[in-house]
Amino acid sequence: MSPLCWEIAAALSFLGTHFLLSHPLRAPIVKAVGEAAFLGLYSLVAFATLGWLAFAFHAVPAEAPYWAVGDGLWITGTVLTYFASVLFVGSLLGNPALPNPTGRAAPPPEPRGVFSVTRHPMMWGFALWGVAHILVFPTPANIVLAKTIVVLALVGAFLQDKKKKRLQPETWPAWEAKTSYWPLAAILAGRVKFTPAGVVPILGGIALWLGATWAHQPLAGFGAGIWRWL
């Protein structure tokens, strides 16, 4: 098996085990061994398959990119990663999809900020990150890795809607009715008004964006984001 095929096999294993354990296999395994044992198994499989993917990615020999990457694509990738950072930081504040510490189902809030854009800002942040990395680093190994992140995020968001609707029938359908899976779809449909992301997502997104793009220099050996031109 070639190194690239080995990476593809690792990516499929990572995605397949994640989706199977998160959805169809979760209930029967929890029933058989309990929640704590399931979480241990889930974490073990996730770390093992993610480690395999990382090892396989680094084992693929350097190859020429599929297309030339000029300033236009770098600017596009830089803008995409900025929006991805704002979506990610904003998703950490008042996200109904995150576990409720009280354990009680709360009425869905009015969607504001990043949630007026999409009810899955974290997942779309990861997806935008993956697309940006495909645009500016179009080598076979990196495309496999980035596509894995995109599929994990967007398919995971779709499946999360189905699970939440089943587990929270009294609250999640109302949240879905106010928001949209696709970015801006609820705004364009008139179901919600766009509201600014807020100070914390904007400033936190800038900090995350600057820090992550700066880290490319010591970790990858080349500048990314605005650091490419500084």
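For the structure, see preceding data.
Anyway, here's the lowdown on the structure attached to this text. (Residues numbered from 1 in each chain as written. Predicted model: local features only at pLDDT ≥ 70, side-chain atom pairs only at ≥ 80, totals over all residues. Heavy atoms only, no water.)

Some points on the overall build of the chain
So, step 1. Along its length, the chain carries 11 helices and 0 strands.
So, step 2. For the chain, the succession of helices and strands along the chain, N to C, is α-α-α-α-α-α-α-α-α-α-α.
So, step 3. Its C-alpha atoms give the chain a radius of gyration of 19 Å, near enough to 17 Å, the size a compact globule of 230 residues would have.
So, step 4. Its C-alpha atoms give the chain principal-axis dimensions of about 50 × 45 × 30 Å.
So, step 5. Of the contacts made within the chain by residues no fewer than 6 positions apart, 76% connect residues no fewer than 24 positions apart.
So, step 6. Surface exposure of the chain reaches about 12,700 Å², of which carbon and sulfur atoms provide 74%.
So, step 7. Computing the positive centroid from 15 side-chain charges and the negative centroid from 8, the chain places the two 9 Å apart. (Helix = DSSP H or I, 4+ residues; strand = E, 2+ residues; numbered from the N terminus. Rg over C-alpha atoms; globule rule 2.2 N^0.38 Å. Contact = heavy atoms within 4.5 Å. Areas by Shrake-Rupley, 256 points an atom, 1.4 Å probe, with all protein chains shown as cover. Lys, Arg positive; Asp, Glu negative; His and termini not counted. Charge placed at Lys NZ, Arg CZ, Asp CG, Glu CD.)

Examining the packing of helix 1 (residues 3-22) against helix 3 (residues 35-59)
So, step 1. With their axes 8 Å apart at the nearest point, helix 1 and helix 3 run at an angle of 160° to one another. Accordingly, the angle class assigned to the pair helix 1 and helix 3 is roughly antiparallel. Along this stretch, helix 1 crosses helix 3, giving a crossing that reads as left-handed. The residues of helix 3 that touch helix 1, namely those facing Pro3, Trp6, Glu7, Ala9, Ala10, Ala11, Ser13, Phe14, Thr17, His18, Leu21 and Ser22, are Phe38, Tyr42, Val45, Ala46, Thr49, Leu50, Trp52, Leu53, Ala56, Phe57 and Ala59.
So, step 2. For the contact of helix 1 with helix 3, a count of residues per class yields 17 nonpolar, 5 polar and 1 charged. (Axes fitted to C-alpha atoms, helices over the stretch in contact; angles between N-to-C directions. Parallel < 35°, antiparallel > 145°, perpendicular 65-115°, else oblique. Left-handed = near helix turned anticlockwise from the far one by under 90°. Nonpolar A, V, L, I, M, F, W, Y, C, P; charged D, E, K, R; others polar.)

Notes on unusual backbone geometry
So, step 1. Phi is positive for Leu184, which is not a glycine, with a value near 75°.
So, step 2. Mapped onto the elements of the fold, Leu184 is located in the loop between helix 8 (172-178) and helix 9 (185-188).
So, step 3. The exposure class of Leu184 is partly exposed, given its relative accessible area of 42%. (Buried < 20%, exposed > 50% of the residue type's maximum accessible area, 1.4 Å probe, protein only.)

Things to note about the pattern of salt bridges
When charged atoms on two side chains of opposite charge get close, those side chains can pair.
So, step 1. The full count for this structure, using the stated rule, is 5 salt bridges.
So, step 2. Among the salt bridges present, the one from Arg26 reaches Glu35, with a minimum N-O distance of 2.7 Å.
So, step 3. Given a relative accessible area of 37%, Glu35 falls into the partly exposed group.
So, step 4. Among the salt bridges present, the one from Lys165 reaches Glu176, with a minimum N-O distance of 3.2 Å. Of the two residues, Lys165 is situated in helix 7 (residues 140-167) and Glu176 in helix 8; the sequence distance between them amounts to 11 residues.
So, step 5. Take Lys165: its relative accessible area is 40%, and that puts it in the partly exposed class.
So, step 6. The class for Glu176 is buried, based on a relative accessible area of 16%.
So, step 7. Members of the salt-bridge network, linked through shared partners, are Arg119, Asp161, Lys165 and Glu176. (Salt bridge = Lys/Arg side-chain N within 4 Å of Asp/Glu carboxyl O.)

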